[in-house]
Amino acid sequence: MASIFSQDNPFNDFMSTVGDMAMISIAWTICSIPVVTVGASTAAACEVARELQSGSCKGIFRSFWAAFKRRFPTTLALTAAAFCGLALFDLWYLSRQSTDTVAVLYGVTIVVIAVVGSTLAFVLPLTGRSKLSVGEQLTQSARLALGKPHIAFAALLLNIWPIIVVLIAPEQTLMLVPLLWIFVGAGASFWVQMNLIRKTFSLD
């Protein structure tokens, strides 16, 4: 019974991890409010998750803010490029479609998002400690994705699962999805994502 009351028992470790995920989620949500800072917030959240797993974190909010500021211009450029790329694709594709091809439009859009999203899945998670330029980071992500496509797709799913849940969840439970994401889901997603990436590519 003594182990139950020990500070390092499995239950306390689990609850501590849940608390860490909740703090990451709240920090990510607050710093993502301007929308254009979503990239910086995501990179910071992944970096904090990485530090937690390696035991080098010096405080969730302190580490998050430091990581958020570290490569802000780069993450801002990546976010802007992503938004512009999606917008231009939508405009280009919609301009060539008729109302009779809505199903095809949705299908093509989903495929494009899956392919591009998987290819770029490692950009933001690895930005925190990277000294590469934007172009070099995109190339690195594409190379890693080609080497481990299943890991890249899993990372993409961890980022977009709230959207998928919203699309398939019963109407009466829709309000629970954003609340879950804000208070713990985002942190859990980034934590699992970084754990997966670290183990796959042997990152320290």
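What you see as residue numbers is a count from 1 along each chain, following the sequence as written. For this predicted model, a pLDDT threshold of at least 70 governs which residues receive local features, and a threshold of 80 or more governs which side-chain atom pairs are given and counted, while totals over whole chains, interfaces and linings are taken from all residues. As a rule here, side-chain values cover all heavy atoms of the structure and leave hydrogens and water aside.

A. Here's a closer look at empty space enclosed by the protein. A pocket, in this scheme, is an open set of points on a 1 Å grid over the protein atoms alone with protein on both sides within 12 Å along at least 5 of 7 lines, while a cavity is a set where a 1.4 Å probe fits but cannot get out; residues line either one if an atom lies within 4 Å of a point. Grid points are joined across faces, edges and corners, and a volume is the space filled by probe spheres set on the points. Under the defined criterion, the tally for this structure stands at one cavity of 30 Å³ or more. Approximately 30 Å³ is the volume found for the largest cavity. Lining the largest cavity, in full, are Ala40, Ala43, Ala67, Phe68, Arg70, Arg71, Phe72, Thr75, Thr127 and Gly128. Breaking the lining of the largest cavity down by element, the ones donating at least two residues are helix H2 (38-54), helix H3 (60-70) and helix H4 (72-94). We count a stretch as a helix when DSSP gives it H or I for four or more residues in a row; a strand needs E for two or more, and each element gets its number in order from the N terminus.

B. Expanded view of the pattern of salt bridges. The rule for a salt bridge is simple: a side-chain nitrogen of Lys or Arg has to be within 4 Å of a carboxyl oxygen of Asp or Glu. What the rule picks out here adds up to one salt bridge. In this structure, Glu47 and Arg129 form a salt bridge, with 2.8 Å as the shortest nitrogen-oxygen distance. Remark: Arg129 occurs in the loop between helix H5 (102-119) and helix H6 (134-147) and Glu47 occurs in helix H2; sequence separation between them is 82 residues.

C. Representation of the confidence of the model for the protein. In the predicted model, the protein carries a mean pLDDT of 85, and 86% of its residues have values of at least 70. Confidence of the predictor at the level of single residues is given by pLDDT, which spans 0 to 100. Mean pLDDT values over the elements of the protein span from 76, in H4, up to 95, in H3.

D. The arrangement of the packing of helix H1 (residues 10-32) against H2 in detail. Taken N-terminus to C-terminus, the directions of H1 and H2 make an angle of 160 degrees; their axes are 8 Å apart at the nearest point. In terms of orientation, H1 lies roughly antiparallel with respect to H2. Viewed along their axes, H1 and H2 form a crossing whose handedness is right-handed. Only Val38, Ser41, Thr42, Ala45, Val48, Ala49 and Leu52 of H2 make contact with H1, whose side of the interface consists of Asp20, Ile24, Trp28, Cys31 and Ser32. When residue character is reported, Ala, Val, Leu, Ile, Met, Phe, Trp, Tyr, Cys and Pro are called nonpolar, Asp, Glu, Lys and Arg charged, and the others, Gly included, polar. Split by residue class, the contact of H1 with H2 holds eight nonpolar, three polar and one charged. Here an angle of 0 to 180 degrees is reported between the N-to-C directions of two axes, which are lines fitted to C-alpha atoms, with helices fitted over the stretch in contact. Convention used here: angles under 35 degrees read as roughly parallel, angles over 145 as roughly antiparallel, angles from 65 to 115 as roughly perpendicular, and any remaining angle as oblique. In this scheme the crossing of two helices becomes right-handed for a clockwise turn of the near helix relative to the far one and left-handed for an anticlockwise turn of less than a right angle. Only heavy atoms matter for contacts: two residues are in contact if any of them lie within 4.5 Å across the pair.

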